[in-house]
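Descriptive analysis of the structure
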Amino acid sequence: RCLNGTIEGYVKSPIRGKYRADIVTMMWTLENATSCKDVLMGARVVLKEGGYLVIATGSRILAPFSKPLSLYLSANPVDAHPSRFSLNTLMSFLAMAGFETMHVNPYLNDGIALCVIGKKVKPNKKARIKADDYRKVRDFFKRWHRETQFYL
């Protein structure tokens, strides 16, 4: 059986708790959510203990450039893609929501998508949180801008 709908809808529905999923997938969803925290906590509600959460996102932070910067930073409304993740920020966010990272795809090799598989575990207030050095992120965007100008 599967649920074709949103996690937010499931959490608010009368079927909440009637069945649990082994796997929840979020394909290019988390970065578009109004509240990433609500979506991740909804995944916890849906999942069985020890269940898996698969997240795919078009990570572009601290990864090979796969398109011009102008296509990443656009004039679209800010709510079109309110969140952006690097591997460190995504893994830390998962840890804070009670997921242990089990697998990361070789996204640096293909430069297309970051895919992380997390396992639902008991929340740990001492979860490993690793942030990115803001200077490296700043320099990354400066370099991306320079390289975009070189090709356009």
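A brief report on the enclosed structure follows. Because the structure is a prediction, the values reported are computed rather than measured.

Some remarks on the overall build of the protein chain
In terms of helices and strands, the protein chain carries 6 helices and 4 strands. Taken across its 152 residues, the protein chain has 36% of its residues classed as buried. Averaged over its 24 positive side-chain charges, the protein chain has a centre that lies 5 Å from the centre of its 12 negative ones.

Description of helix 2 (residues 36-46)
Structurally, the α-helix is built with 3.6 residues per turn, so residues lying three or four positions apart point the same way. Within helix 2, 8 of the 11 residues are buried, leaving the element largely enclosed by the surrounding structure. Each element contacted by the buried residues of helix 2 is listed here: helix 1 (7-12), strand 1 (21-27), strand 2 (47-57), helix 4 (87-96), strand 3 (99-104) and strand 4 (114-120).

Side note on the environment of Lys136
With respect to the helices and strands, the residue Lys136 is situated in helix 6 (residues 134-151). Judged by relative accessible area, which is 56%, Lys136 ranks as exposed. Sequence spacing of Lys136 and Lys120 is 16 residues, and the spatial spacing of their C-alpha atoms is 31 Å.

Some words on the sheet that holds strand 3
As summarised here, the arrangement of the 4 strands in space is 1-2-4-3, forming an open sheet in which the pairing is mixed. If you trace the sheet from one side to the other, it starts and ends with strand 1 and strand 3, each paired once. If you compare each strand with its neighbour and ignore which way they point, the axes differ by 20 degrees on average. As judged from the 6 bridges shared by strand 2 and strand 4, these two strands associate in the antiparallel manner. Residue pairing for strand 4: Val54 is matched across the bridge by Ile117.

Here we look at the environment of Ala127
Mapping Ala127 onto the fold places it in the loop between strand 4 and helix 6. When its relative accessible area of 18% is taken as the criterion, Ala127 is described as buried.

Here's the deal with the pattern of salt bridges
On inspection of all chains with the given rule, the structure shows 4 salt bridges. Two residues, Lys48 and Asp22, come together in a salt bridge whose shortest N-O distance is 3.1 Å. With Lys48 in strand 2 and Asp22 in strand 1, the pair connects residues that are 26 residues apart, well separated along the chain.

Quick word on unusual backbone geometry
Leaving glycine out, the prevailing phi sign among residues is negative, and the prevailing peptide bond configuration is trans. One non-glycine residue, Trp28, adopts positive backbone phi at about 55 degrees. Considering the arrangement of structural elements, one finds Trp28 in the loop between strand 1 and helix 2. You can call Trp28 partly exposed: its relative accessible area is 44%. If you check the backbone angles, Leu62 has positive phi at about 60 degrees while not being a glycine. Residue placement: Leu62 occurs in the loop between strand 2 and helix 3 (69-72). When its relative accessible area of 31% is taken as the criterion, Leu62 is described as partly exposed.

Re the state of the cysteines
The full count for this structure, using the stated rule, is 0 disulfides. Residue Cys36 stays outside any disulfide, its sulfur separated by 16 Å from that of Cys115, the closest cysteine.

A word on the nonpolar core
Of all hydrophobic cores here, the largest spans 28 residues; its most connected members are Val24, Met26, Leu30, Leu40 and Leu53. Every element with two or more residues in this core is listed here: helix 1, strand 1, helix 2, strand 2, helix 4 and strand 4. With 6 residues, helix 2 is the largest single contributor of residues to this core. Excluding residues within four positions of it along the chain, Leu30 makes contact with Cys36, Val39, Leu40, Ile55, Phe85, Leu90 and Phe93. Ile61, Tyr72, Phe140 and Trp144 belong to the second largest nonpolar core, which has 5 residues in total.

The rules behind the values
- Residues numbered from 1 in each chain as written.
- Predicted model: local features only at pLDDT ≥ 70, side-chain atom pairs only at ≥ 80, totals over all residues.
- Heavy atoms only, no water.
- Helix = DSSP H or I, 4+ residues; strand = E, 2+ residues; numbered from the N terminus.
- Buried < 20%, exposed > 50% of the residue type's maximum accessible area, 1.4 Å probe, protein only.
- Lys, Arg positive; Asp, Glu negative; His and termini not counted.
- Charge placed at Lys NZ, Arg CZ, Asp CG, Glu CD.
- Contact = heavy atoms within 4.5 Å.
- Pairing = 2+ DSSP bridges.
- Axes fitted to C-alpha atoms, helices over the stretch in contact; angles between N-to-C directions.
- Salt bridge = Lys/Arg side-chain N within 4 Å of Asp/Glu carboxyl O.
- Disulfide = S-S within 2.5 Å.
- Core = buried A, V, L, I, M, F, W, Y, C linked by side-chain atoms within 4.5 Å.

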